[in-house]
Amino acid sequence: MAEWDNSGVWRSCAIALGSNLGDSRTTLENALKTLAQTPGIILQAVSSWYVTKAVGPPQPDYLNGCALLSVQMSPEALLETLLSVEAKFGRVRREPWGPRTLDLDLLLFDDLILQTQSLQIPHPRMNERAFVLVPLAEIAPDWVEPVSGHAIAQLVQAVDCSGVHRL
Ligand SMILES: Nc1ncnc2c1ncn2[C@@H]1O[C@H](COP(=O)(O)O)[C@@H](O)[C@H]1O
Ligand SMILES: Nc1nc2c(c(=O)[nH]1)N=C(COP(=O)(O)OP(=O)(O)O)CN2
(Lines give C-alpha, C1' and ligand atoms only; values in the text may rest on other atoms or scores of the structure.)
(Ligands and ions follow the chains in the order given, each with its own letter.)
Protein backbone atom coordinates (compact mmCIF):
# COMPACT_ATOMS: atom_id res chain seq x y z
CA MET A 1 0.00 0.00 0.00
CA ALA A 2 1.28 3.47 -0.89
CA GLU A 3 2.30 5.90 1.85
CA TRP A 4 -0.31 8.62 2.22
CA ASP A 5 0.54 12.23 3.00
CA ASN A 6 -2.53 13.79 4.60
CA SER A 7 -1.06 17.26 4.87
CA GLY A 8 -3.91 19.16 3.25
CA VAL A 9 -2.30 19.46 -0.17
CA TRP A 10 -4.69 19.72 -3.12
CA ARG A 11 -4.54 16.63 -5.37
CA SER A 12 -5.71 16.11 -8.95
CA CYS A 13 -8.24 13.35 -9.54
CA ALA A 14 -10.22 11.95 -12.42
CA ILE A 15 -13.60 10.32 -11.95
CA ALA A 16 -15.96 8.48 -14.30
CA LEU A 17 -19.72 8.95 -14.22
CA GLY A 18 -22.32 6.58 -15.67
CA SER A 19 -26.07 6.05 -15.59
CA ASN A 20 -28.57 3.95 -17.51
CA LEU A 21 -31.73 4.18 -15.36
CA GLY A 22 -34.10 7.13 -15.00
CA ASP A 23 -33.29 10.63 -16.28
CA SER A 24 -29.59 9.94 -16.70
CA ARG A 25 -28.49 13.38 -17.86
CA THR A 26 -30.19 15.16 -14.98
CA THR A 27 -28.79 12.63 -12.51
CA LEU A 28 -25.23 13.02 -13.81
CA GLU A 29 -25.43 16.83 -13.82
CA ASN A 30 -26.91 16.94 -10.32
CA ALA A 31 -24.26 14.52 -9.06
CA LEU A 32 -21.58 16.90 -10.36
CA LYS A 33 -23.32 19.84 -8.66
CA THR A 34 -23.35 17.89 -5.39
CA LEU A 35 -19.64 17.10 -5.71
CA ALA A 36 -18.84 20.74 -6.55
CA GLN A 37 -20.64 21.83 -3.35
CA THR A 38 -18.68 19.40 -1.18
CA PRO A 39 -15.99 20.98 1.04
CA GLY A 40 -12.53 19.90 -0.11
CA ILE A 41 -13.59 19.37 -3.74
CA ILE A 42 -13.17 21.79 -6.65
CA LEU A 43 -14.69 20.74 -9.97
CA GLN A 44 -12.08 21.60 -12.62
CA ALA A 45 -13.38 20.13 -15.89
CA VAL A 46 -16.24 18.05 -17.24
CA SER A 47 -16.24 16.09 -20.51
CA SER A 48 -19.10 15.90 -22.98
CA TRP A 49 -21.72 13.24 -22.29
CA TYR A 50 -21.54 10.07 -24.40
CA VAL A 51 -24.23 7.51 -25.20
CA THR A 52 -22.50 4.14 -24.90
CA LYS A 53 -23.39 0.51 -25.56
CA ALA A 54 -23.58 -1.37 -22.26
CA VAL A 55 -20.63 -3.63 -21.45
CA GLY A 56 -21.88 -6.67 -19.51
CA PRO A 57 -25.36 -8.18 -19.29
CA PRO A 58 -28.01 -6.96 -21.77
CA GLN A 59 -29.34 -3.62 -20.50
CA PRO A 60 -30.13 -0.11 -21.81
CA ASP A 61 -27.42 2.12 -23.24
CA TYR A 62 -25.50 4.25 -20.73
CA LEU A 63 -24.79 7.93 -20.54
CA ASN A 64 -21.13 8.28 -19.56
CA GLY A 65 -18.70 11.10 -18.93
CA CYS A 66 -15.64 12.04 -16.89
CA ALA A 67 -14.67 14.93 -14.64
CA LEU A 68 -11.45 16.31 -13.21
CA LEU A 69 -11.42 17.36 -9.57
CA SER A 70 -8.98 19.02 -7.21
CA VAL A 71 -9.43 17.43 -3.81
CA GLN A 72 -8.11 18.14 -0.36
CA MET A 73 -8.82 14.72 1.10
CA SER A 74 -7.43 11.20 1.08
CA PRO A 75 -8.36 8.69 -1.66
CA GLU A 76 -10.43 6.73 0.90
CA ALA A 77 -12.36 9.86 1.91
CA LEU A 78 -13.00 10.66 -1.74
CA LEU A 79 -14.30 7.11 -2.33
CA GLU A 80 -16.65 7.51 0.66
CA THR A 81 -17.88 10.81 -0.80
CA LEU A 82 -18.50 9.19 -4.21
CA LEU A 83 -20.40 6.29 -2.60
CA SER A 84 -22.55 8.71 -0.58
CA VAL A 85 -23.40 10.73 -3.71
CA GLU A 86 -24.35 7.45 -5.49
CA ALA A 87 -26.65 6.60 -2.56
CA LYS A 88 -28.19 10.10 -2.60
CA PHE A 89 -29.18 9.56 -6.23
CA GLY A 90 -30.87 6.25 -5.55
CA ARG A 91 -28.11 3.79 -6.44
CA VAL A 92 -29.06 0.25 -5.51
CA ARG A 93 -26.49 -2.55 -5.99
CA ARG A 94 -28.19 -5.57 -7.56
CA GLU A 95 -25.96 -7.46 -9.97
CA PRO A 96 -22.34 -6.78 -10.93
CA TRP A 97 -22.20 -4.72 -14.12
CA GLY A 98 -26.00 -4.34 -13.92
CA PRO A 99 -28.10 -1.23 -14.63
CA ARG A 100 -27.85 1.70 -12.23
CA THR A 101 -29.11 5.25 -11.70
CA LEU A 102 -25.59 6.46 -10.93
CA ASP A 103 -22.09 4.99 -10.91
CA LEU A 104 -19.12 7.08 -9.80
CA ASP A 105 -15.68 5.51 -10.16
CA LEU A 106 -12.38 6.95 -8.98
CA LEU A 107 -10.01 6.58 -11.93
CA LEU A 108 -6.81 8.47 -11.13
CA PHE A 109 -5.44 10.27 -8.08
CA ASP A 110 -2.29 12.19 -9.00
CA ASP A 111 0.17 9.46 -10.01
CA LEU A 112 -0.79 7.25 -7.08
CA ILE A 113 -0.88 3.45 -7.34
CA LEU A 114 -2.91 2.02 -4.46
CA GLN A 115 -4.53 -1.29 -3.64
CA THR A 116 -6.50 -1.85 -0.45
CA GLN A 117 -9.48 -4.09 0.32
CA SER A 118 -11.93 -1.37 -0.69
CA LEU A 119 -10.06 0.75 -3.20
CA GLN A 120 -7.86 0.27 -6.23
CA ILE A 121 -6.23 3.21 -8.01
CA PRO A 122 -5.91 3.54 -10.95
CA HIS A 123 -9.33 1.94 -11.52
CA PRO A 124 -8.41 -1.64 -12.55
CA ARG A 125 -10.57 -1.77 -15.68
CA MET A 126 -10.24 1.79 -16.99
CA ASN A 127 -7.63 0.98 -19.64
CA GLU A 128 -9.94 -1.43 -21.46
CA ARG A 129 -13.09 0.75 -21.35
CA ALA A 130 -13.82 3.02 -24.31
CA PHE A 131 -16.75 4.50 -22.31
CA VAL A 132 -14.13 5.80 -19.83
CA LEU A 133 -11.18 6.58 -22.11
CA VAL A 134 -13.07 8.56 -24.78
CA PRO A 135 -14.48 11.18 -22.35
CA LEU A 136 -11.28 11.18 -20.28
CA ALA A 137 -9.16 11.81 -23.40
CA GLU A 138 -11.26 14.91 -24.04
CA ILE A 139 -10.27 16.55 -20.73
CA ALA A 140 -6.96 14.87 -19.77
CA PRO A 141 -5.20 13.52 -22.90
CA ASP A 142 -1.71 13.96 -21.44
CA TRP A 143 -2.33 12.39 -18.01
CA VAL A 144 -0.11 9.31 -17.76
CA GLU A 145 -1.89 6.27 -16.30
CA PRO A 146 0.81 5.16 -13.87
CA VAL A 147 0.44 1.35 -14.16
CA SER A 148 0.78 1.17 -17.96
CA GLY A 149 2.97 4.27 -18.26
CA HIS A 150 0.85 5.39 -21.21
CA ALA A 151 -0.98 8.70 -21.64
CA ILE A 152 -4.78 8.59 -21.90
CA ALA A 153 -4.49 9.79 -25.53
CA GLN A 154 -2.44 6.67 -26.31
CA LEU A 155 -4.69 4.29 -24.36
CA VAL A 156 -7.82 5.44 -26.17
CA GLN A 157 -6.25 4.54 -29.50
CA ALA A 158 -5.96 0.91 -28.38
CA VAL A 159 -9.69 0.33 -27.66
CA ASP A 160 -12.74 -0.11 -29.89
CA CYS A 161 -14.67 3.17 -29.65
CA SER A 162 -17.47 2.15 -32.03
CA GLY A 163 -20.06 1.90 -29.23
CA VAL A 164 -19.36 5.40 -27.89
CA HIS A 165 -21.14 8.42 -29.38
CA ARG A 166 -21.06 12.03 -28.21
CA LEU A 167 -24.49 13.31 -27.19
N1 LIG B 1 -11.21 3.00 -8.04
C2 LIG B 1 -12.43 2.66 -7.53
N3 LIG B 1 -13.50 3.44 -7.73
C4 LIG B 1 -14.72 3.10 -7.24
N5 LIG B 1 -14.97 1.99 -6.50
C6 LIG B 1 -13.90 1.19 -6.26
C7 LIG B 1 -12.60 1.48 -6.77
N8 LIG B 1 -11.75 0.50 -6.36
C9 LIG B 1 -12.47 -0.35 -5.63
N10 LIG B 1 -13.75 0.05 -5.56
C11 LIG B 1 -14.80 -0.67 -4.85
O12 LIG B 1 -15.86 -1.00 -5.73
C13 LIG B 1 -17.09 -0.77 -5.09
C14 LIG B 1 -18.04 -0.08 -6.02
O15 LIG B 1 -18.26 -0.85 -7.15
P16 LIG B 1 -19.12 -0.33 -8.38
O17 LIG B 1 -19.96 -1.48 -8.75
O18 LIG B 1 -18.14 0.11 -9.42
O19 LIG B 1 -19.91 0.86 -7.90
C20 LIG B 1 -16.86 0.17 -3.94
O21 LIG B 1 -17.57 -0.27 -2.81
C22 LIG B 1 -15.40 0.18 -3.73
O23 LIG B 1 -15.06 -0.36 -2.49
N1 LIG C 1 -21.43 1.40 -21.45
C2 LIG C 1 -21.23 1.12 -20.15
N3 LIG C 1 -21.20 -0.15 -19.72
C4 LIG C 1 -20.95 -0.43 -18.42
C5 LIG C 1 -20.73 0.62 -17.49
C6 LIG C 1 -20.80 1.96 -17.95
O7 LIG C 1 -20.67 2.95 -17.17
N8 LIG C 1 -21.04 2.17 -19.28
N9 LIG C 1 -20.42 0.33 -16.22
C10 LIG C 1 -20.21 -0.90 -15.84
C11 LIG C 1 -19.53 -1.08 -14.53
O12 LIG C 1 -20.15 -1.90 -13.71
P13 LIG C 1 -19.68 -1.97 -12.17
O14 LIG C 1 -19.60 -0.58 -11.62
O15 LIG C 1 -20.63 -2.93 -11.53
O16 LIG C 1 -18.28 -2.60 -12.22
P17 LIG C 1 -16.84 -2.00 -12.06
O18 LIG C 1 -16.47 -2.18 -10.65
O19 LIG C 1 -16.04 -2.85 -13.01
O20 LIG C 1 -16.82 -0.54 -12.47
C21 LIG C 1 -20.54 -2.06 -16.67
N22 LIG C 1 -20.88 -1.70 -18.02
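Definitions and limits used
- Residues numbered from 1 in each chain as written.
- Chains lettered and ligands numbered in written order.
- Predicted model: local features only at pLDDT ≥ 70, side-chain atom pairs only at ≥ 80, totals over all residues.
- Heavy atoms only, no water.
- UniProt positions renumbered as here; feature names shortened; annotations may be inferred.
- Helix = DSSP H or I, 4+ residues; strand = E, 2+ residues; numbered from the N terminus.
- Expected span 1.5 Å × (residues − 1).
- Buried < 20%, exposed > 50% of the residue type's maximum accessible area, 1.4 Å probe, protein only.
- Arc of directions from axis to C-beta.
- Near = heavy atom within 4 Å.
- Polar contact = N/O pair within 3.5 Å; in protein donor to acceptor, adjacent residues only side chain to side chain.
- Nonpolar A, V, L, I, M, F, W, Y, C, P; charged D, E, K, R; others polar.
- Contact = heavy atoms within 4.5 Å.
- Pairing = 2+ DSSP bridges.
- Axes fitted to C-alpha atoms, helices over the stretch in contact; angles between N-to-C directions.
- Parallel < 35°, antiparallel > 145°, perpendicular 65-115°, else oblique.
- Left-handed = near helix turned anticlockwise from the far one by under 90°.

Per an unreviewed UniProt entry, the chain goes by 2-amino-4-hydroxy-6-hydroxymethyldihydropteridine diphosphokinase and derives from Microseira wollei NIES-4236. Per UniProt, the chain has the following entry under Catalytic activity (unreviewed entry): "6-hydroxymethyl-7,8-dihydropterin + ATP = (7,8-dihydropterin-6-yl)methyl diphosphate + AMP + H(+)". Taken directly from UniProt, the Pathway (unreviewed entry) text for the chain runs: "Cofactor biosynthesis; tetrahydrofolate biosynthesis; 2-amino-4-hydroxy-6-hydroxymethyl-7,8-dihydropteridine diphosphate from 7,8-dihydroneopterin triphosphate: step 4/4."

Engineer: I keep staring at helix H2 (residues 75–88) and nothing clicks. Help me out?
Structural biologist: Think of an α-helix as 3.6 residues a turn; residues three or four steps apart then line up on the same face. Its 14 residues place the ends of H2 20 Å apart at the C-alpha level, agreeing with the 20 Å of an ideal helix rising 1.5 Å per residue. Residues of H2 that are buried: Pro75, Leu78, Leu79, Thr81, Leu82, Val85 and Glu86. Take H2 and look down its axis: the buried residues cluster within an arc of 160 degrees, on one side only. When the buried face of H2 is taken as reference, the exposed residues oriented beyond 90 degrees from it are Glu80, Ala87 and Lys88.

Engineer: What's the story with the site of ligand 2 in this structure? I'm lost.
Structural biologist: Neighbouring residues of ligand 2: 14 residues in total, closest Thr52, Lys53, Val55, Arg125 and Arg129. The contact in question runs from an oxygen atom of ligand 2 to an N or O atom on the side chain of Asp105, over 3.3 Å. One of the side-chain N or O atoms of Arg125 is found 2.5 Å from an oxygen atom in ligand 2. Split by residue class, the shell around ligand 2 holds five nonpolar, three polar and six charged.

Engineer: So what exactly am I meant to see when it comes to helix H3 (residues 130–139) here?
Structural biologist: In terms of burial, H3 is largely enclosed, as nine of its 10 residues are buried. Among the residues of H3, Ala130, Phe131, Val132, Leu133, Val134, Pro135, Leu136, Ala137 and Ile139 are the ones counted as buried.

Engineer: Help me out: how do you make sense of the environment of Ile152 in this one?
Structural biologist: Relative to the assigned elements, Ile152 resides in helix H4 (residues 152–157). The class of Ile152 is buried, set by a relative accessible area of 0%. For Ile152 and Ile139, which are 13 residues apart along the polypeptide, the C-alpha to C-alpha distance reads 9.7 Å. In this structure Ile152 touches Leu108, Met126, Leu133, Leu136, Ala137, Ala140, Pro141, Trp143 and Glu145, once residues within four positions along its chain are discounted.

Engineer: What is the right way to look at the pairing of strand E1 (residues 11–19) in this model?
Structural biologist: On a regular strand, one side chain projects to one face of the sheet and the next to the other, so that they alternate. Judged by how many residues are buried, E1 sits mostly within the fold: eight of nine residues are covered. As paired strands, E1 and strand E4 (residues 62–71) are joined by nine bridges and run antiparallel to one another. Bridging across to E4, Gly18 finds its partner in Asn64.

Engineer: Would you mind showing me how to read the packing of helix H1 (residues 24–36) against H2 here?
Structural biologist: Relative orientation and spacing of two packed helices are given, respectively, by the angle between their axes and the distance between those axes. Relative to each other, H1 and H2 sit at 135 degrees, their axes nearing to 10 Å. Considering the angle they form, H1 stands oblique to H2. As for the relative orientation of H1 and H2, their crossing is right-handed in sense. Contacts between H1 and H2 involve Ala31, Thr34 and Leu35 from the first element and Thr81, Leu82, Val85 and Lys88 from the second.

Engineer: Mind showing me how you'd approach the environment of Gln72 here?
Structural biologist: Within the fold, Gln72 resides in the loop between E4 and H2. Owing to a relative accessible area of 38%, Gln72 belongs among the partly exposed residues under this scheme. For the pair Gln72 and Ile41, spaced 31 residues apart in the sequence, the C-alpha separation amounts to 6.6 Å. Contacts of Gln72, omitting those with residues within four sequence positions, involve Gly8, Val9, Trp10 and Gly40.

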